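# A structural walkthrough
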Amino acid sequence: LTLAFPIMGTLTAAAYLLSFAILSDGPVPGELQNNLKKYRTAADLTQAALADQVRVSRKTINTIENGVFVPSTVLALRLAQHLKVSVHDLFELRL
């Protein structure tokens, strides 16, 4: 499913839904649950080490873990691959 917006252009339905996690002020139904820190620490990796592996800055990992930034699909796939988990393990919608 692709959605068209006059100002923002075209977004996939997944990107549109993920954008709500950035805009909300607190936990709401459908908000993105972020488990990155849990899996990163279980893998005994620092933010800097994981960032190097997936070719982003440590600050990017930090902002993802703190719910400030929602990663792109490509970055979410890279994170899951390096942590040897599924994207669904790292990110899921709260019901």
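Everything here concerns the structure above.
An account of the accompanying structure is given in this report. Keep in mind that this is a model prediction, so the values were computed, not measured.

Here the focus is the nonpolar core. With 17 residues, the main nonpolar core has Leu36, Leu50, Ile61, Leu79, Leu83, Leu90 and Phe91 as its most contacted residues. If you list the elements that add at least two residues to this core, you get helix H3 (47–54), helix H4 (58–65) and helix H5 (73–83). The biggest single contributor to this core is H5, with five residues.

The subject of this paragraph is the side chain of Glu65. Along the polypeptide, Glu65 turns up in helix H4. A distance of 2.8 Å separates polar atoms of two side chains, one belonging to Glu65 and the other to Gln47. Setting aside anything within four residues of it in sequence, one finds Glu65 in contact with Asn34, Leu36, Lys37, Arg40 and Gln47.

Looking now at unusual backbone geometry. With a phi angle near 60 degrees, Asp44 is a residue other than glycine that sits in the positive phi range. Following the sequence through the fold, Asp44 ends up in the loop between helix H2 (36–42) and H3. Asp44 sits in the exposed class, given a relative accessible area of 71%. Unusually for a residue other than glycine, Arg55 sits at a positive phi of about 65 degrees. Mapped onto the fold, Arg55 is located in the loop between H3 and H4. Arg55 gets classed as exposed once you look at its relative accessible area, which sits at 61%.

Cut-offs used in this document
Residues numbered from 1 in each chain as written. Predicted model: local features only at pLDDT ≥ 70, side-chain atom pairs only at ≥ 80, totals over all residues. Heavy atoms only, no water. Core = buried A, V, L, I, M, F, W, Y, C linked by side-chain atoms within 4.5 Å. Buried < 20%, exposed > 50% of the residue type's maximum accessible area, 1.4 Å probe, protein only. Helix = DSSP H or I, 4+ residues; strand = E, 2+ residues; numbered from the N terminus. Polar contact = N/O pair within 3.5 Å; in protein donor to acceptor, adjacent residues only side chain to side chain. Contact = heavy atoms within 4.5 Å.

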